[in-house]
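Residues per chain, in single letters:
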Amino acid sequence: MDSLATQVVPSTSNKGKRKSNPQGKSSKQPAAKQQRVSTPGKNSEAVILTNIKDIMEEVTARLQDQNELNAFLKKKITELDKDKRVQIGVFGETGAGKSSLINAIIDEENLLPSSDECTSACTSVIIKVEASVDDKYQALIEFLKTEEWNDELWYLHQSAGDKNNEETADDDDDDDDDDDDDINDYIENKLSALYGEEWKKNSLQDLTEKKCFSDIHDLLKSGTKTFTCKTAMDLSGKLTPYTMNSPLPSQSKKGKRYYWPIVKCVTVKVPNKDLLQHVTLVDLPGSGDCNKSRDEMWKRIVGDCCVVWIVTEIKRAASKETAWKILSRVSRFIGNGGECQRICFICSKSDVTGISHSRLPGEVHKLIVNRNTQAKEQVKQKIKNKKKPFSDNCFEVFTVSSREFLQKEHLDPEETEIPKLQKLLKELNNLHSETKNYVSGAFTILSLIQDAKHKKAGDKNENVCAELKNTLGCKYEQIKKEIEEVYKTFEKCLSKGVENSKKEDENKLTKLLDVCIYFKDCIKTTDFAFQMALCSGICFLFCFRKRMAVVFTGH
């Protein structure tokens with residue numbers, strides 16, 4: 001690993017560099033420099049990319065140990081060759097006109113189903129729109145895993161059963177919450193789309209058995225399904241059962257099965273679209289709906305979007321709660337670790353005025369333009385009133401009309417502002433650099449390797465410290481035991497000496513007391529002076545005995 005670190009650290013030597021002339025005179029080496037500069041492509045991105053890839057191949061060859069970290073690093077190095085596309089998230093509630101907007105921008109009117117064609121939510125799954133490598137329209141459908149769908153099916157079936165029981169028990173209760181009714185309608189819609197009315201007659205076990213619904217189980221097991229068509233309309237027709245939330249009446253009449261409930265994501269590739277060369281448009285199911293998975297879907301993907309389009313109808317654009325809720329959420333990712341760098345607040349359906357068609361075209365045009373101006377001012381004013389207003393570089397307001405851009409009835413193409421969004425896509429494509437993305441990813445991987453190397457060295461130091469601490473602890477315990485043994489031996493010897501000394505002194509004192517007693521008996525026959533001297537001697541002997549007792553016994 002040490003040699004690997006040496007390979008990736010930039011050289012700091014002066015070899016090959018032009019030396020400065022302190023006297024201001026030209027050096028004799030500029031000729032070599034001019035020759036190096038004039039060599040075409042020597043410092044081009046292709047050459048740099050090739051050199052970096054060679055380095056990463058050498059790094060991969062050195063990751064020979066079969067451990068979890070090396071396996072992870074090899075995987076990340078392999079993923080560097082994948083082109084990192086710029087992702088634009090198109091957010092908004094159901095019916096806001098997201099699909100129509102994408103169709104207009106890429107000039108494919110019949111590609112994605114729009115809210116004008118159905119009475120319920122049209123886009124029911126995540127749809128990614130990218131450029132195709134050939135002249136065919138292609139679609140890759142990713143399905144949920146069998147286990148994932150079985151878990152969701154259990155929840156849906158259980159919720160539907162609970163709702164039926166509540167309706168039976170509370171037939172006269174008219175105060176049910178509207179949100180709960182919407183959720184239950186969605187559950188019934190989802191189960192009926194996939195199983196028809198049979199889900200009401202079959203148990204949960206019957207629905208999960210392959211013999212009852214073999215086509216559903218086959219799709220879940222396969223994981224993916226692809227379509228290739230010559231026209232956008234043909235592809236849109238094939239995708240309808242997998243992306244479009246069809247109304248329940250048509251399902252019950254025709255008995256057609258819709259598979260969108262088990263679809264995870266659909267990637268649509270469109271040919272001959274330079275706007276999508278390095279850009280992916282992500283059309284999400286309407287957020288703010290009763291469906292919890294839809295409402296949370298945009299929260300999971302917004303962090304990966306470089307640009308976010310928040311689409312809301314122009315009427316009440318400044319007061320639409322869902323749009324501003326999305327804006328509040330997205331704003332947290334600007335400058336805080338997320339990919340988001342730009343937000344476009346798009347007021348859609350600017351051509352829908354609600355006035356009579358008998359008006360003159362000039363009057364309709366004036367009305368649309370005036371309302372567009374007013375809507376922009378209202379949105380911008382609301383942004384300024386926020387605690388943390390956005391700068392003009394990262395926040396823009398658009399008033400668009402997808403229908404007018406395609407039909408050109410009342411507005412010029414520039415007035416629909418669709419060309420402005422197309423220009424944004426062109427700018428993102430021009431800023432895209434495969435070399436920059438690869439070098440950035442390689443730098444991240446090499447930094448991770450270097451951190452792992454330092455951590456490994458740190459672990460070794462920690463092991464040494466732990467071992468030293470353990471050794472010192474053992475030595476301390478050994479010394480402690482030896483000191484305790486010495487202390488016990490010393491205490492034993494000292495105690496024995498004290499006892500011997502105590503007994504010897506007591507014997508001497510006893511003899512002295514016997515003498516004193518003898519003298520006491522003789523007091524009666526002696527004179528007064530001798531008696532006083534003898535009493536003084538006896539008192540001295542008693543005090544001496546008491547003091548010695550305190551010294552040897554502590555009492």
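Before reading further, recall that the structure is shown in the block above.
A brief report on the enclosed structure follows. Not measured: the values here are computed from a predicted model. (Residues numbered from 1 in each chain as written. Predicted model: local features only at pLDDT ≥ 70, side-chain atom pairs only at ≥ 80, totals over all residues. Heavy atoms only, no water.)

1. Considerations on a nonpolar patch on the surface
Logical step 1: There is a patch of nonpolar side chains on the surface, built from Leu 69, Phe 72 and Leu 448 and spanning about 240 Å² of accessible area.
Logical step 2: Among the secondary structure elements, Leu 69 is positioned in helix α4 (residues 68-79). (Patch = residues over 30% accessible without salt bridge, like charges linked within 9 Å, V, L, I, M, F, W, Y side chains within 5 Å. Areas by Shrake-Rupley, 256 points an atom, 1.4 Å probe, with all protein chains shown as cover. Salt bridge = Lys/Arg side-chain N within 4 Å of Asp/Glu carboxyl O. Helix = DSSP H or I, 4+ residues; strand = E, 2+ residues; numbered from the N terminus.)

2. Digging into the pattern of salt bridges
Logical step 1: All told, the structure shown has 14 salt bridges when counted by the stated rule.
Logical step 2: Of the charged contacts, one joins Lys 76 and Glu 79 as a salt bridge, the two residues approaching to 3.6 Å between their closest N and O atoms. On the criterion of helical spacing, the pair formed by Lys 76 and Glu 79 is a turn pair, its members being three residues apart in helix α4.
Logical step 3: Residue classification places Lys 76 among the partly exposed positions, given a relative accessible area of 33%.
Logical step 4: For Glu 93, the salt bridge goes to Lys 320, with nearest N and O atoms at 3.1 Å. Here the residue Glu 93 occupies a position in the loop between β1 (86-91) and α5 (98-105), and Lys 320 occupies one in the loop between β7 (307-313) and α13 (321-330), the gap between them amounting to 227 residues. Each member of the pair, Glu 93 as well as Lys 320, carries the same accessibility label: buried. (Buried < 20%, exposed > 50% of the residue type's maximum accessible area, 1.4 Å probe, protein only.)

3. Some thoughts on the environment of Arg 257
Logical step 1: Note on placement: Arg 257 falls in the loop between α11 (248-254) and β5 (263-270).
Logical step 2: Arg 257 sits in the partly exposed class, given a relative accessible area of 26%.
Logical step 3: In this structure the C-alpha to C-alpha distance between Arg 257 and Leu 194, which are 63 residues apart in sequence, comes to 5.6 Å.
Logical step 4: With residues up to four places along the chain from it excluded, the contact list for Arg 257 reads Ala 193, Leu 194, Tyr 195, Phe 213, Asp 215, Ile 216 and Pro 241. (Contact = heavy atoms within 4.5 Å.)

4. As for the environment of Lys 273
Logical step 1: Structurally, Lys 273 is set in the loop between β5 and β6 (279-283).
Logical step 2: Owing to a relative accessible area of 18%, Lys 273 belongs among the buried residues under this scheme.
Logical step 3: For the pair Lys 273 and Ala 131, spaced 142 residues apart in sequence, the C-alpha separation works out to 5.9 Å.
Logical step 4: Once residues lying within four places of it in the same chain are set aside, the contact partners of Lys 273 are Ile 106, Asp 107, Glu 108 and Ala 131.
Logical step 5: Within the structure, the side chain of Lys 273 is placed 3.4 Å from the side chain of Glu 108, a separation counted as a polar contact. (Polar contact = N/O pair within 3.5 Å; in protein donor to acceptor, adjacent residues only side chain to side chain.)

5. Brief notes about the packing of aromatic side chains
Logical step 1: A complete count under the given rule lists six aromatic pairs for this structure.
Logical step 2: Measuring from centroid to centroid gives 5.4 Å for Tyr 242 and Tyr 259, while their planes differ by 20°, and the two rings are stacked. Taken together, the residues Tyr 242 in helix α10 (residues 232-243) and Tyr 259 in the loop between α11 and β5 connect sequence positions 17 residues apart.
Logical step 3: Residue Tyr 242 is classed as buried on the basis of its relative accessible area, which comes to 8%.
Logical step 4: According to the relative accessible area criterion, Tyr 259 is buried, its value standing at 13%.
Logical step 5: Each ring, one from Trp 324 and one from Phe 345, has its centre 5.1 Å from the other, and the planes form 35°; the classification is tilted. Remark: Phe 345 occurs in strand β8 (residues 342-348) and Trp 324 occurs in helix α13; sequence separation between them is 21 residues. (Phe/Tyr/Trp six-rings, centres within 6.5 Å; stacked < 30°, edge-to-face > 60°.)

6. A word on the side chain of His 217
Logical step 1: Mapped onto the fold, His 217 is located in helix α9 (residues 214-222).
Logical step 2: Take His 217: its relative accessible area is 14%, and that puts it in the buried class.

7. Some points on the pairing of β6
Logical step 1: The buried fraction of β6 is high, at five of five residues.
Logical step 2: Alternating positions in β6 separate into two faces, Val 279, Leu 281 and Asp 283 on one and Thr 280 and Val 282 on the other, with burial throughout.
Logical step 3: Here strand β2 (residues 126-131) runs beside β6; their pairing, made up of three bridges, is antiparallel. Pairing of Lys 128 across the sheet is with Val 282, part of β6. (Pairing = 2+ DSSP bridges.)

8. Here's the deal with the packing of α5 against helix α16 (residues 418-431)
Logical step 1: Orientation of α5 relative to α16, taken along the N-to-C sense of each, is 70°, at an axis distance of 10 Å. Judged by the angle between their axes, α5 and α16 are roughly perpendicular. Residues Leu 101, Ala 104 and Ile 105 of α5 touch α16, and the partners they reach there are Ile 418, Leu 421, Gln 422 and Leu 425.
Logical step 2: Looking at side-chain class alone, the contact of α5 with α16 contains six nonpolar, one polar and no charged residues. (Axes fitted to C-alpha atoms, helices over the stretch in contact; angles between N-to-C directions. Parallel < 35°, antiparallel > 145°, perpendicular 65-115°, else oblique. Nonpolar A, V, L, I, M, F, W, Y, C, P; charged D, E, K, R; others polar.)

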